[in-house]
Amino acid sequence: MKITILDKDSDEEDEVIVKCSHLSSDILRLLNSFKAEKTKLVFSKLSEIVVISPEEIYYFESVDNNVFAYTKDSVYESKSKLYQLEETLLSKDFIRVNKAVVLNINKITKLVPAFGGRFEAILKNGYKIIISRMYVPLLKERLGM
C-alpha cells in the first residue's frame, strides 16, 4: 500500500482520496475510522439522555429486542439495533462475539478457553462475556494472535 501526503493551499478543504482495485476489509476499516473519529453515541437512562464516546463502552448487548450499552459501572439503553451499532463502530475496535453481544476489544484483560471451542473474555471491570466459537477466529485476528 502506498501513502501519499500532499500540501494544500490554505483556502482548500482537507481531502482524502482512496485509489484501489477493490474495497478490502482493511480499507473499509480505515475509511470507517475517518468517519467515526468524532462519533458520540446517545443513550437513555431512566428519563435522562446521555452522550457517551465509544471508548467508554465495554460492550453492547441485545436482550428481548432492546439494546443496552455497558460502561465501567453503568448500563444505558440504546434506540439503535445491535447491527447498526456494529456497523457504526466497525473501526473503533468493536467486534461481534456472539449473536447478542458486540464487544470493545480494548476492554479485555484476558481470554480463557471455555467448553466447546468457546472463549470467555474477562473485562477490565470484571464482567465476563462468552465468545462463541464462530467468532473466535475473527477475535484472534483482531487481537493479532
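Residues numbered from 1 in each chain as written. Predicted model: local features only at pLDDT ≥ 70, side-chain atom pairs only at ≥ 80, totals over all residues. Heavy atoms only, no water.

Draft legend 1. View of the overall build of the protein. Helix and strand content of the protein: three helices and 10 strands. Secondary structure elements of the protein, listed N to C terminal, follow the sequence α-β-β-β-β-β-α-β-β-β-β-β-α. When its C-alpha atoms are laid out on the principal axes, the protein stretches across 55 × 40 × 25 Å. Considering only intrachain contacts with a sequence separation of at least 6, the fraction spanning at least 24 residues in the protein is 40%. Taken as a whole, the protein presents about 10200 Å² of accessible surface, with 51% of it coming from carbon and sulfur. The centroid of the 22 positive side-chain charges in the protein is displaced by 9 Å from the centroid of its 21 negative side-chain charges. (Helix = DSSP H or I, 4+ residues; strand = E, 2+ residues; numbered from the N terminus. Contact = heavy atoms within 4.5 Å. Areas by Shrake-Rupley, 256 points an atom, 1.4 Å probe, with all protein chains shown as cover. Lys, Arg positive; Asp, Glu negative; His and termini not counted. Charge placed at Lys NZ, Arg CZ, Asp CG, Glu CD.)

Draft legend 2. Geometry of the side chain of Ser74. Along the chain, Ser74 falls in the loop between β4 (66–70) and β5 (75–78). Exposure remark for Ser74: the relative accessible area of 14% places this residue in the buried category. One polar contact links Ser74 to Lys45, side chain to side chain, over a distance of 3.5 Å. (Buried < 20%, exposed > 50% of the residue type's maximum accessible area, 1.4 Å probe, protein only. Polar contact = N/O pair within 3.5 Å; in protein donor to acceptor, adjacent residues only side chain to side chain.)

Draft legend 3. Region of interest: the packing of aromatic side chains. Per the stated rule, a full pass over the model turns up six aromatic pairs. Ring geometry for Phe60 against Phe94: centres 5.6 Å apart, planes inclined by 40°, an arrangement best described as tilted. Here Phe60 is found in strand β3 (residues 59–63), whereas its partner Phe94 is found in strand β6 (residues 94–98), with 34 residues between them in sequence. Ring pairs connect the aromatic residues Phe43, Phe60, Tyr76 and Phe94, which therefore count as one cluster. Above the ring of Tyr76, the side-chain terminus of Lys45 is found at 5.4 Å from the ring centroid. The positively charged end of Lys107 is found above the aromatic ring belonging to Tyr58, 4.9 Å away from the centroid. (Phe/Tyr/Trp six-rings, centres within 6.5 Å; stacked < 30°, edge-to-face > 60°. Lys NZ or Arg CZ within 6 Å of the ring centre and 35° of its normal.)

Draft legend 4. Summary view of the nonpolar core. Formed by 17 residues in total, the largest nonpolar core has its most connected members in Tyr59, Leu103, Leu123, Ile129 and Ile131. When residues of this core are traced back to their parent elements, those giving at least two are β6, β7 (101–104), β9 (119–123), β10 (128–131) and α3 (136–143). At three residues, the largest contribution of residues to this core is made by β9. Look past the residues within four positions of Ile131 in its chain and what remains in contact with it is Val97, Leu111, Arg118, Phe119, Ala121, Val136 and Leu139. (Core = buried A, V, L, I, M, F, W, Y, C linked by side-chain atoms within 4.5 Å.)

Draft legend 5. Structural context of a nonpolar patch on the surface. Where nonpolar side chains cluster on the molecular surface, the patch consists of Met1, Ile3 and Ile5 and spans about 470 Å² of accessible area. Structurally, Ile5 is set in the segment before α1 (25–36). (Patch = residues over 30% accessible without salt bridge, like charges linked within 9 Å, V, L, I, M, F, W, Y side chains within 5 Å. Salt bridge = Lys/Arg side-chain N within 4 Å of Asp/Glu carboxyl O.)

Draft legend 6. Region of interest: the environment of Glu55. The residue Glu55 is located in the loop between β2 (48–52) and β3 in this model. Once the C-alpha coordinates of Glu55 and Lys40 are considered, the two residues, 15 residues apart in sequence, prove to be 9.6 Å apart.

Draft legend 7. Fine view of a negative patch on the surface. On the surface, a cluster of negative charge is contributed by Asp9, Asp11, Glu12, Glu13 and Glu15. Mapped onto the elements, Asp9 comes out in the segment before α1.

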